[in-house]
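Here's the letter readout for the chains.
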Amino acid sequence: MASAAPTLASVTLELGGNDPAIVLRDADIPAIATQLFWAAFANAGQICLAAKRIYVDSSRYDELAAALTGLARTVGTEIGPVSNRRQYEAVLDLIQDSKDHGHTFLTGGMPGGGKGFFLHPTIVDDPPESARIVQEEQFGPVVPLVRYETVDEVLSRANAVDHGLGASVWSADTAAASAVAGQLEAGTVWVNEVMHLSPLVPFGGHKQSGIGVESGNAGLLEFSQPQTITLRKSAYPDCSTSAAEPDVINLHRRSTEDA
């Protein structure tokens, strides 16, 4: 944005996310556990749309915790390294902060050992909402698993961050899940899936997660600029009368390159 400011160049920005995954009480845990695991840990968590906070109804917490922990212990070399030292150290700092505050870990919480910026897939066990691991985008193979009691509560907590890139809702009742999805402050919300994108629909972030969108008709319009042309067909009417209104209004768009 600073680089574009001197010439007022148009920009679209897709920025970070702290994407919540909300598991409702009626969700089929055995059916969705693997999807949720990879929603958090694919590419070692280094995806802007990765699930970075997993909220689960308190009555289903233990079941999902056991399923995700079991998966974490079996993936082995399927979890790659963090891409660079700076990010590796940032993720380690978040893990250390959880240790310093007495949070427990369902799995992981330590470097992978050997060469490279490897970390064991790490699941933090129900940290408080104020914890850095919940409030900050980790962008690495660590995710907090958090209990909630009511839908209103989890919506409030899920929305109470500065980011709003993506989110997902998981339930056997798609109508109920869709109702929850519509109340989340995020540019893209999935129901019973995650990270599915299409060139036919717009993709962008709310709040601090970006400006503008890409893809879909809305994405094409980001690369155009409106121009209004008015054409009077009658000759110089009295401007004090209603006839002063233009007969034709034509709105079209020019590409930003032409503009």
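Anyway, here's the lowdown on the structure attached to this text. (Residues numbered from 1 in each chain as written. Predicted model: local features only at pLDDT ≥ 70, side-chain atom pairs only at ≥ 80, totals over all residues. Heavy atoms only, no water.)

1. A closer look at the overall build of the chain
- Counting secondary structure elements, the chain contains seven helices and 15 strands.
- Since a compact globule built from 259 residues should have a radius of gyration of about 18 Å, the 24 Å found for the chain marks it as more spread out than a globular shape.
- When the backbone C-alpha atoms are referred to their principal axes, the chain occupies close to 80 × 45 × 30 Å.
- Expressed as a percentage of the 259 residues in the chain, the buried residues total 39%.
- Of the contacts formed within the chain by residues at least 6 apart in sequence, a portion of 63% connects residues at least 24 apart.
- In the chain, 17 side chains carry a positive charge and 31 a negative one; their mean positions are 5 Å apart. (Helix = DSSP H or I, 4+ residues; strand = E, 2+ residues; numbered from the N terminus. Rg over C-alpha atoms; globule rule 2.2 N^0.38 Å. Buried < 20%, exposed > 50% of the residue type's maximum accessible area, 1.4 Å probe, protein only. Contact = heavy atoms within 4.5 Å. Lys, Arg positive; Asp, Glu negative; His and termini not counted. Charge placed at Lys NZ, Arg CZ, Asp CG, Glu CD.)

2. Regarding the packing of aromatic side chains
- Counted according to the given criterion, the structure contains three aromatic pairs.
- With a centroid separation of 4.7 Å and an interplanar angle of 40 degrees, the aromatic rings of Phe37 and Phe41 are classed as tilted. Of this pair, Phe37 and Phe41 are both found in helix H1 (residues 29-41), four residues apart, which corresponds to roughly one turn of the helix. Both residues of the pair, Phe37 and Phe41, belong to the buried class.
- Here the aromatic residues Phe37, Trp38 and Phe41 are joined through ring pairs into a cluster of three or more. (Phe/Tyr/Trp six-rings, centres within 6.5 Å; stacked < 30°, edge-to-face > 60°.)

3. A few points about the pairing of strand E5 (residues 122-125)
- Relative to E5, strand E4 (residues 104-107) runs antiparallel, the two being bridged by three bridges. Of the residues in E5, the one forming a bridge with Phe105 is Val124.
- By the bridge criterion, four bridges tie E5 to strand E6 (residues 142-148) in an arrangement that is parallel. By the bridge assignment for E6, Val124 is matched with Pro144. (Pairing = 2+ DSSP bridges.)

4. Examining the pattern of salt bridges
- Tallying each qualifying case throughout the model produces 11 salt bridges.
- Across the pair Arg147 and Asp126 runs a salt bridge whose closest N-O atoms are separated by 3.6 Å. Residue Arg147 is found in strand E6, and its partner Asp126 is found in the loop between E5 and helix H4 (132-135); the two are separated by 21 residues along the sequence.
- Counted as one network, the salt bridges with shared partners bring together Asp62, Asp126 and Arg147. (Salt bridge = Lys/Arg side-chain N within 4 Å of Asp/Glu carboxyl O.)

5. Some points on the environment of Asn192
- With respect to the helices, strands and loops of the structure, Asn192 is situated in the loop between strand E9 (188-191) and strand E10 (203-204).
- Between the alpha carbons of Asn192 and Ala27 there is a distance of 9.2 Å; along the sequence they are 165 residues apart.
- With residues near it in sequence (within four places) discarded, Asn192 still touches Gln35, Val169, Trp170, Ser171 and Thr174.
- Of the polar contacts made by the side chain of Asn192, one reaches the backbone nitrogen of Ser171; its length is 2.9 Å. (Polar contact = N/O pair within 3.5 Å; in protein donor to acceptor, adjacent residues only side chain to side chain.)

6. Concerning the sheet that holds strand E3 (residues 51-57)
- With mixed pairing, the seven strands of this open sheet are ordered in space as E4-E5-E6-E3-E2-E8-E9. The open sheet has two edge strands with one neighbour each: E4 and E9. On average, each strand axis in the sheet is inclined to that of its neighbour by 25 degrees, with strand direction left out of account.
- For E3 and E6, the ladder comprises four bridges, and the chain directions are parallel. Within E6, the residue paired with Ile54 across the bridge is Leu145.
- Lying over the sheet, helix H2 (residues 61-72) contacts strand E2 (19-23), E3, E4, E5 and E6, oriented at roughly 165 degrees with respect to E6.
- Taken strand by strand, helix H5 (residues 151-159) contacts E2, E3 and E6, and its axis lies near 145 degrees from that of E6. (Axes fitted to C-alpha atoms, helices over the stretch in contact; angles between N-to-C directions.)

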